[in-house]
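Observations on the three-dimensional arrangement
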Amino acid sequence: MTTTDRKFIIFTWGCQMNEDDAEQIANILMSMGYSSTQNEEEADVAMLVTCSVREKPEEKAKSKLGILREIKQRNPRMIIGVCGCMAQREGEKLKKGRPYLDLVIGTASIWQIPNLIRQVEDTRKFKYALDLPETSADALNVPPRVERAGESLKSFVPVMYGCNNFCAYCVVPYVRGRERSRPLADVVGEVERLALNGRREITLLGQNVNSYGATLDEKVDFADLLRAVSAVNGIQRIRFTTSHPKDLSDRLIEAMRDLPNVCEHIHLAVQSGDDEILRRMNRRYTSSHFRERVAALRNAVPDIAITTDFLVGFPGETEQQFANTLALAEEIRLDAAFMFSYNVIPNTAAEKLDGQLTKKVKNERLGRLIEVQNRITCEINASHVGNIYEVLVEAVSSKDRTRVTGLTRQNKTVNFKGDASMIGKLVNVRTTEGHLYGYVGEMA
Ligand code: SF4
């Protein structure tokens, strides 16, 4: 079999950083001559891009490994690798009890994949690469990137890696290392090449984009980066995620206000409406600061959509402290939220905190919050019926082939009559219905 006959499959869980890693891994494998398949039975290389932020994605990755083990019994030359946060967290221990596993590749090591695959092919021995930048001296060591192949309307562009914030519940600083920013010229160069390749929308990615530049010698911040990227010809929409409330500067809000291709959407994770819980989470802002930043955003960008994350049931959370979160949700009425109940993640500060709540209490609080936030989301979307939005058409609807779906600049889904010829186009759509997951509309 030649390399060109060989196929790979990638399974991905977790955040957009993992989606970008999966795309990088696909590009690396394609540059080695592999082609992509959706059928795991015919794959010569199977890579799992794993997530450790919650228990469930780790369980799913481990169960996928069990399925791949059976396939490997029929195809012993198949190479199975685990990448991402679980690989970094568990390291070579993942091999224990899994003789079929060939590779464990940490979050800062995916550029080593070609070499590692060749070593496995030559020796049929287990290999791993888990180095992680742990010090600020390592911080400039940003992994090399492989240019994207193929056509697509949208791309992620990482602007920084890792995180220095050490929120008490979060494993990211331990599995993605210390924060390190890519030089501004590197990011802009990548965006220019993507624009030439036909990309219309880019999302700048980082665990906390608002602290972009802190590790660079050049004196630049995220507002400077946004202005530089906004000037690239051909990019119609710029998004970014994720933003930390403590670092959301006036300069960034002004850039959002001034730059016409920066979309009117921000994801700003509040986590809790109670100051004592925020302190114990090590979030380093108060609920008043969050309220003030939301007001400043709405003041500067009147049609902005603001979404958030809520984490309920943090260790020691009292009924009153949870009620403060409910009250904040009711008061600030954000467009939508990802809502989770706290789960212990090994090796995090919150693992050792007293007052772990029962599953029953956490689920009950989560249910109450979901009810409140979903009602608010529906009310907000219903109040937009009759408005006209610019929509980037992304796909024909899978449920009804006479309709297409796309996103507004506010990152809300709209479903309306159309066909495949509209994909990639910006069209104006009048909303006719508002629902939890977005709008139904018609061409304006
Ligand atoms: S800011 Fe906090 S929650 Fe976000 S990645 Fe960093 S440590 Fe995790």
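This one's a predicted model, so the numbers in the text were calculated from it and none came from an experiment.

Cut-offs used in this document
- Sequence order as written defines the numbering, with residues in each chain counted from 1.
- The predicted origin of the model limits local features to residues at a pLDDT of at least 70 and limits the giving and counting of side-chain atom pairs to 80 or more, whereas totals for whole chains, interfaces and linings rest on all residues.
- A run of H or I in DSSP counts as a helix once it spans at least four residues, and a run of E counts as a strand once it spans at least two, with each numbered from the N terminus.
- Just to be clear, the radius of gyration here is over C-alpha atoms, and the globule rule we use is 2.2 Å times residues to the power 0.38.
- Each residue is represented by a C-beta atom placed from its backbone, and any two residues with such atoms within 7 Å are regarded as in contact.
- Geometry is summarised by axes, namely lines fitted to C-alpha atoms with helices restricted to the contacting stretch, and by angles between N-to-C directions that run from 0 to 180 degrees.
- Should an angle lie under 35 degrees it is considered roughly parallel, over 145 roughly antiparallel, and from 65 to 115 roughly perpendicular; all remaining angles are considered oblique.
- What makes a crossing left-handed is the near helix being turned counterclockwise from the far one by less than a right angle; a clockwise turn instead makes it right-handed.
- We call Asp, Glu, Lys and Arg charged. Ala, Val, Leu, Ile, Met, Phe, Trp, Tyr, Cys and Pro are nonpolar, and the rest, Gly among them, are polar.
- Our exposure labels follow a C-beta count within 10 Å of each residue's own C-beta, placed from the backbone: buried means 20 or more other C-beta atoms, exposed means 12 or fewer, and partly exposed covers the counts in between.
- The reported arc concerns the directions from the helix axis to the C-beta atoms and nothing else.
- What makes two strands pair is DSSP finding at least two bridges between them.
- The term nonpolar core refers to a set of buried Ala, Val, Leu, Ile, Met, Phe, Trp, Tyr and Cys residues connected through C-beta atoms within 7 Å.
- Seen with the strands pointing away from the viewer, any crossover whose path from the first strand over the helix to the second strand runs clockwise is right-handed.
- Helix span, as expected, comes to 1.5 Å for every residue beyond the first.
- Reported domain spans reflect what an automatic or database domain assignment gives.

Once that is clear, we can look at the overall build of the protein. Along the backbone of the protein there are 12 helices and 19 strands. Relative to the 2.2 N^0.38 estimate, which gives 22 Å for 444 residues, the radius of gyration of the protein is 22 Å and therefore close to what a compact globule would have. With the principal axes as the frame, the protein shows a C-alpha extent of 60 × 55 × 50 Å. Considering only intrachain contacts with a sequence separation of at least 6, the fraction spanning at least 24 residues in the protein is 72%.

What follows deals with the packing of helix 7 (residues 222-230) against helix 8 (residues 250-258). Following both chains from N to C, one finds helix 7 and helix 8 inclined at 20 degrees, their axes separated by 8 Å at the closest point. With respect to their mutual orientation, helix 7 and helix 8 come out roughly parallel. Regarding helix 7 and helix 8, the two cross each other, and that crossing is left-handed. Seen from helix 7, the contacting residues are Phe-222, Ala-223, Leu-226 and Arg-227; seen from helix 8, they are Arg-251, Leu-252 and Ala-255. Partitioning the contact of helix 7 with helix 8 into residue classes produces 5 nonpolar, no polar and 2 charged.

Topologically, Ser-36 is positioned in strand 2 (residues 35-36). Residue classification places Ser-36 among the partly exposed positions, given that 13 C-beta atoms sit within 10 Å. Spatially, the C-alpha atoms of Ser-36 and Arg-6 are 8.6 Å apart, while their sequence positions differ by 30 residues. Non-local contacts of Ser-36, meaning those with residues more than four positions away in its chain, are made with Lys-7, Phe-8 and Ala-26.

Within the span of helix 8, buried status applies to Leu-252, Ala-255 and Met-256. The arc that holds every buried residue of helix 8, seen down its axis, measures 100 degrees, which confines them to one face. Summarising the contacts, the buried residues of helix 8 are in contact with helix 7 and helix 10 (287-300).

This part covers the sheet that holds strand 13 (residues 305-312). Judged by pairing direction, the sheet is parallel, and its 3 strands sit side by side in the order 12-13-14 without closing on themselves. Edge positions in the open sheet fall to strand 12 (265-267) and strand 14 (336-341), since each of these has one partner strand only. Within the sheet, the average angular offset between the axes of one strand and its neighbour, ignoring direction, is 10 degrees.

Our focus in this paragraph is the nonpolar core. In this structure, Ile-25, Val-45, Met-47, Val-82, Cys-83, Val-159 and Leu-204 are the most contacted members of the largest nonpolar core, which totals 102 residues. Not counting residues within four places of it along the chain, the set of residues in contact with Val-159 comprises Ser-181, Arg-182, Val-187, Leu-204, Leu-205, Gly-206, Val-209, Tyr-212 and Leu-225. One finds Leu-392, Val-404, Val-429 and Tyr-439 within the second-largest nonpolar core, a separate group that totals 10 residues.

To continue, consider the pairing of strand 11 (residues 237-241). Residues in a regular strand point their side chains to alternate faces of the sheet. Burial within strand 11 is extensive, with 4 of its 5 residues counted as buried. As defined by bridge partners, strand 10 (residues 201-205) adjoins strand 11 across 5 bridges and the pair is classed as parallel. Within strand 11, the position partnered with Ile-202 by the bridge is Ile-238. Read from strand 10 through helix 7 to strand 11, the crossover connection turns out right-handed.

With 4 of its 5 residues buried, strand 10 lies for the most part within the structure. Inspection of the sheet shows strand 7 (residues 154-158) paired to strand 10 by 5 bridges, in the parallel sense. Residue pairing across strands places Pro-158 opposite Leu-205, the latter belonging to strand 10.

Our focus in this paragraph is the environment of Arg-284. Positionally, Arg-284 belongs in the loop between helix 9 (275-280) and helix 10. A count of 15 C-beta atoms within 10 Å places Arg-284 in the partly exposed class. C-alpha separation for the pair Arg-284 and Asn-324, spaced 40 residues apart in sequence, amounts to 17 Å.

Moving on: the packing of helix 11 (residues 319-332) against helix 12 (residues 359-383). Running from N to C, helix 11 and helix 12 point in directions that differ by 10 degrees, and their axes come no closer than 10 Å. Considered as vectors, helix 11 and helix 12 are oriented roughly parallel to each other. Residues Phe-322, Thr-325, Leu-326, Ala-329 and Glu-330 of helix 11 form the contact with helix 12, whose participating residues are Arg-365, Arg-368, Leu-369, Val-372, Gln-373 and Ile-376. Of the residues assigned to the contact of helix 11 with helix 12, the class counts are 6 nonpolar, 2 polar and 3 charged.

Looking now at helix 1 (residues 16-31). Here helix 1 spans 22 Å end to end across 16 residues, near enough to the 22 Å set by a 1.5 Å rise per residue. Listed as buried for helix 1 are Met-17, Asn-18, Asp-21, Ala-22, Glu-23, Gln-24, Ile-25, Ala-26, Ile-28 and Leu-29. Taken from the residues just after helix 1, Gly-33 is the one with a positive phi, measuring 100 degrees.

Turning to the domain arrangement of the protein, a few remarks are in order. In terms of domain boundaries, the protein breaks down into domain 1 (3-129), domain 2 (133-263), domain 3 (265-381) and domain 4 (388-443). Each of domain 2 and domain 3 was reduced to a C-alpha centroid, and the two centroids are 25 Å apart. In this assembly, 19 residues from domain 2 lie in contact with 27 residues from domain 3. At 4 residues, the largest contribution of residues to the side of domain 2 that touches domain 3 is made by helix 8. Here the residues of the side of domain 2 that touches domain 3 are counted per class, giving 12 nonpolar, 3 polar and 4 charged.

Attention now moves to unusual backbone geometry. Cis geometry marks the peptide bond from Thr-241 to Thr-242, where omega comes out at 5 degrees. Turning to its location among the elements, Thr-242 is positioned in the loop between strand 11 and helix 8. For Arg-124, which is not glycine, the phi torsion reads 55 degrees and is therefore positive. Mapped onto the fold, Arg-124 is located in the loop between helix 4 (113-123) and strand 6 (127-129). The exposed category is assigned to Arg-124, around which 11 C-beta atoms lie within 10 Å. Within the chain, Asn-411 stands out as a residue other than glycine whose phi angle is a positive 70 degrees. Residue position: Asn-411 is located in the loop between strand 16 (403-408) and strand 17 (413-417). Exposure remark for Asn-411: the 20 C-beta atoms within 10 Å place this residue in the buried category.

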